[in-house]
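What follows is each chain in one-letter form.
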Amino acid sequence: MAQAGVGTAFSDLETTRRDFLRMAGMGAAGASLVTPSKLFAAVGTTKPEKIMVAADAHPAMMSAAKILAKRLGWTESAISTYEGVPKVSEGEIVLALAKDGKLLPADKPNADGYTVTYTGKLGGAVVWGARPRSLLFAAGEPHHWVGKAVTYRRNPEFALRNATWHADYPVAEQAAIFGANFFVANLPASPALEALPDVHGALGAVDKKNLVESGAAHKARNAATVKEFHDADVEVYALLPYGNNFATWSPVLYAAVLKVYPSAKGTPMENSHESAALCPSDPLTWKVLEAYVKEWAEQCGADGISATFWDNYSAFCQDPRCKANGLDKFPNEVYEFLSRYHKLLTAMNVKLHMRTWSSGCPHWLGTNYVHAPGYGQFGISHPELWGRVIKETPADLIMQTKIYHSDCEPNARFTTLLGKCKPHIEMVEYQQSGQFIGRQYFPASTVNYTAATMKKALELVGPNGGAQISPGGESQPPQFDIFQDILNNDCIYAWRELTWNINVDLATMWHEWATQIYGEAAAPAMVRFVRASEDAATWCWCPLGHGSATNGDYAGTIARREVLLRYTNRYYLPEFAALLEPTLENVTKLEKQQADCMHRLDEMAVALEEAKPHLTAEQAAEVTTRLDWFRHFAVCNTTLDVSLWRFRYLRALGAKLTTDPKQMKELAAAYDLIEAETPKLFQYDKAMKMSLYRVPLGELGPRYMNLGNPRSLMHQIYLESLAFVQESVGVDYVPKEWIRGTAPKMNVQANARG
């Protein structure tokens, strides 16, 4: 998935977006994550009555006081300041730093943690933070500690907790919501390479003026943004443009570079997805790249730079110079990039954070081959790919990898890199951005998967390691807001809880989440509803353990669907390869999986009916509509997969010069079902305002309210299956009541007489 952030194109887009949000009252100054009825609810208490914070406190502590007041349903008039040492009176919550108090050794908070001590009958308490941001973390979860009578201690499991920054909301509130101590942000920059006068001089006058002026504007704006992070006592790492393809980083600079440094042009491998824009064996390449990264870092002004290595891993240049010195190989290339970036940024007192994953199974993308060099089959393994980086770069390079080993979930294979990068700090990434659950439309929990994999991840990275979350939605409009989503923000809540307490009781956690959104009476039924959605999602999108497209949408052709089955990273494992066999046994297994999916959807429907009397009218309407979307999509999606396996069975029989005509009856029924269900997909009231959008559905348009059309794939499956059958039995054997669509062309290559 490509990251935005290429030169002025992203900069202008991001500026426009933020200006729009600001004008619409949704920008950092106007929007708030902290609402009593949303992600974390207010604690229903009238005691205590005041929040006290030191007059000279760090800005993060005052932000914590304001967030806590809002959580408790109070106005900011409840906040007062104190001078000198912290001391608590009845009816007060005092926010203080642990270094200013006299805590017992067992009560001293660790790392980013906090400890709450209590006094008196009216709920007086002191929240002792290990550092200023610790008070933000406490303010984000008062339901855990307000009103208790005994000392409450809260320390994080992971030393590093990293979240993707959302420009729509204040940094302090995001830190409170996520419990995160550093962020990765798309901070716009427009390097002009003025440090290289020959390249800069080769730019056209308009491009030169635009880059210089944009760079100055971005630098000033970024300074204000970075200050907001520091005022929240958290660090920020700026996203370097995706991959290492300089031609996409800045097309105008790339053209200027080739004009003055023609020897720097790389030589790509034929039919390779890796473009080799620049040659890593040419010294001028590094002169350009280092000047660009340096200027990018200067304009961003962040604490660190985050470099992404997925596809477009590196130059992958096949120039004779690279073949001679080994820079035509992925392990040497990624080492060259990261070692040089690290040396450059360290001299600037800027940290380096590297994000990677396996990029899925090697596969063809049109006429180009996506090498996916970390996959571990038909090539080097993930640890081998990063071996030189792990062994030869300084230990302070942070190495982050996605928890899953492909972009096709659910229940993807666990990463093969995590736990193998010592002495580097290791982080595990959870990309809660619509993977496999239909762009976050449908109720589709991932909490069980997160809980199971995070425990394993913590064991591998250790307490000094980290966890990251990228919440959002793939291919969603700007009005999308995962934080306000009353269904799938359970994934954010669970990530936050687990990064602070890996052994949290999941039943208790679920009840807390549901109660804060739906109320005490509706919570038990809504927990059953959302928990059932995880199995429903797995059985909908994961046929026999294999996955689907990134957005969980319909594949338009058989070829595309089979590429996705290959891309799931289970394809080459013997126990899963067996499930791809074109057999009736596997068709039967898929029919059972389809039935299980429908059963879970029925359970969700029963739970929703039980909850409805206790839901608001708006909640009931939204959840009902989204369940309806899920059910009709799942009927089509599972029917397509069962039909695909029937087709594959008939195709295999055709290769053996035989067939099974009875399958056409089942395929005709599937054809009819898809025809009947397709018009029911994504029906909605245009005036409906759902929690995950800031505007009514009618203002989004049909572009965002669909996941493709299942009919084209079903038609191809049916017609090609019929052709395989008729190749053996002729055109008059299959009963007419089983015939659908236009008569297919025969698969036979030539007529023959015996």
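## Re the pattern of salt bridges
Under the defined criterion, the tally for this structure stands at 39 salt bridges. Salt-bridge contacts for glutamate 585 lead to lysine 589; the nearest nitrogen and oxygen are separated by 3.8 Å. Of this pair, glutamate 585 and lysine 589 both sit in helix H20 (residues 584–611), four residues apart, which is roughly one turn of that helix. The class for glutamate 585 is exposed, based on a relative accessible area of 52%. Overall, the relative accessible area of 35% leaves lysine 589 in the partly exposed class. Here lysine 612 ties to glutamate 609 by a salt bridge, and the two come within 2.9 Å at their closest N and O atoms. By relative accessible area, lysine 612 is classed as partly exposed at 26%. Members of the salt-bridge network, linked through shared partners, are Glu141, Arg154, Arg496 and Glu497.

## Looking at the nonpolar core
Ranked by internal contacts, the top residues of the largest apolar core, which has 229 residues, are Trp145, Phe246, Trp386, Tyr518, Met526, Phe529 and Phe630. For this core, the element with the most residues is helix H21 (residues 617–655), which contributes 17 residues. Counting residues in each nonpolar core, the second largest holds nine residues, with Met52, Val94, Leu103 and Trp128 among its members.

## Description of unusual backbone geometry
What you tend to see is this: most non-glycine residues have negative phi, and most peptide bonds are trans. Here the bond from lysine 422 into proline 423 is cis, since omega is 10 degrees, no more than 30 degrees from zero. Position of proline 423 among the secondary structure elements: in the loop between strand S14 (398–402) and strand S15 (426–430). If you check the backbone angles, asparagine 349 has positive phi at about 65 degrees while not being a glycine. With respect to the secondary-structure elements, asparagine 349 resides in the loop between helix H11 (330–347) and strand S11 (351–356). Although it is not a glycine, alanine 372 sits at a positive phi angle of roughly 45 degrees. With respect to the secondary-structure elements, alanine 372 resides in the loop between strand S13 (368–370) and helix H12 (382–385).

## Overview of the sheet that holds strand S7 (residues 160–164)
The strand order S7-S8-S9-S10-S11-S14-S15-S16 describes a closed barrel built from eight strands, whose pairing is parallel. If you compare each strand with its neighbour and ignore which way they point, the axes differ by 25 degrees on average. Sheet topology note: the strand S9 (residues 235–239)/strand S10 (residues 304–309) ladder contains three bridges and is parallel. Across the sheet, the residue bridging to leucine 239 is serine 306, located in S10. Against the sheet, helix H4 (residues 171–178) touches S7, strand S8 (182–185) and strand S16 (466–469), its axis set at about 120 degrees to S8. Where helix H14 (residues 447–461) meets the sheet, it contacts S15 and S16, and its direction lies at approximately 170 degrees from that of S15.

## Observations regarding the packing of H14 against helix H15 (residues 490–500)
Where H14 contacts H15, the axes come no closer than 9 Å and their chain directions differ by 20 degrees. Viewed along their axes, H14 and H15 adopt a mutual orientation that is roughly parallel. Of the two possible hands of crossing, H14 and H15 adopt the one that is right-handed. Residues Val447, Thr450, Ala451 and Met454 of H14 form the contact with H15, whose participating residues are Asp490, Ala494, Trp495, Leu498 and Thr499.

## Re H15
Among the eleven residues in H15, eleven count as buried, and that is most of the element. Taken together, the buried positions of H15 are Asp490, Cys491, Ile492, Tyr493, Ala494, Trp495, Arg496, Glu497, Leu498, Thr499 and Trp500.

## Quick word on the side chain of histidine 424
Considering the arrangement of structural elements, one finds histidine 424 in the loop between S14 and S15. Exposure remark for histidine 424: the relative accessible area of 2% places this residue in the buried category. At a separation of 3.3 Å, a polar atom in the side chain of histidine 424 contacts the main-chain carbonyl oxygen of proline 394. Apart from residues no more than four positions distant in its own chain, histidine 424 is found in contact with Val389, Ile390, Thr393, Pro394, Ala395, Leu397 and Met399.

## Overview of the confidence of the model for the protein chain
When pLDDT is averaged across the protein chain, the result is 90; 91% of the residues are at 70 or more. Note that residues 1–30 has pLDDT below 50 and, in this model, 57 contacts with residues that lie over four places away or in other chains.

## Some words on the environment of alanine 669
Mapped onto the secondary structure, alanine 669 falls in helix H22 (residues 663–677). Using a relative accessible area of 42% as the deciding quantity, one classes alanine 669 as partly exposed. Expressed as a C-alpha distance, the spacing of alanine 669 and tryptophan 738, which sit 69 residues apart in the sequence, is 8.1 Å.

## Digging into the sheet that holds strand S5 (residues 124–129)
The sheet built from six strands is open, its strands ordered S2-S1-S3-S5-S4-S6 with mixed pairing. This sheet does not close on itself; its edge strands, each paired only once, are strand S2 (79–82) and strand S6 (152–154). Here the strands of the sheet are splayed against their neighbours by 20 degrees on average, with no regard to which way each runs. Looking at chain direction, strand S4 (residues 114–119) and S5 are connected through six bridges and run antiparallel. Across the sheet, threonine 115 pairs through a bridge with tryptophan 128, a residue of S5.

## A few points about the packing of aromatic side chains
Inspection of the entire model under this criterion finds 38 aromatic pairs. Judged by centre distance (5.9 Å) and plane angle (85 degrees), the ring pair of tyrosine 441 and tryptophan 629 falls under edge-to-face. One end of the pair, tyrosine 441, is in the loop between S15 and H14; the other, tryptophan 629, is in helix H21, and 188 residues separate them in sequence. Comparing tyrosine 441 with tryptophan 629, the two get one shared label, buried. Following the ring pairs from residue to residue traces out a cluster consisting of Tyr441, Phe442, Trp541, Tyr554, Trp629, Phe630, Phe633, Phe682 and Tyr684.

Calculation rules
- Residues numbered from 1 in each chain as written.
- Predicted model: local features only at pLDDT ≥ 70, side-chain atom pairs only at ≥ 80, totals over all residues.
- Heavy atoms only, no water.
- Salt bridge = Lys/Arg side-chain N within 4 Å of Asp/Glu carboxyl O.
- Helix = DSSP H or I, 4+ residues; strand = E, 2+ residues; numbered from the N terminus.
- Buried < 20%, exposed > 50% of the residue type's maximum accessible area, 1.4 Å probe, protein only.
- Core = buried A, V, L, I, M, F, W, Y, C linked by side-chain atoms within 4.5 Å.
- Pairing = 2+ DSSP bridges.
- Axes fitted to C-alpha atoms, helices over the stretch in contact; angles between N-to-C directions.
- Contact = heavy atoms within 4.5 Å.
- Parallel < 35°, antiparallel > 145°, perpendicular 65-115°, else oblique.
- Left-handed = near helix turned anticlockwise from the far one by under 90°.
- Polar contact = N/O pair within 3.5 Å; in protein donor to acceptor, adjacent residues only side chain to side chain.
- pLDDT = per-residue confidence, 0-100.
- Phe/Tyr/Trp six-rings, centres within 6.5 Å; stacked < 30°, edge-to-face > 60°.

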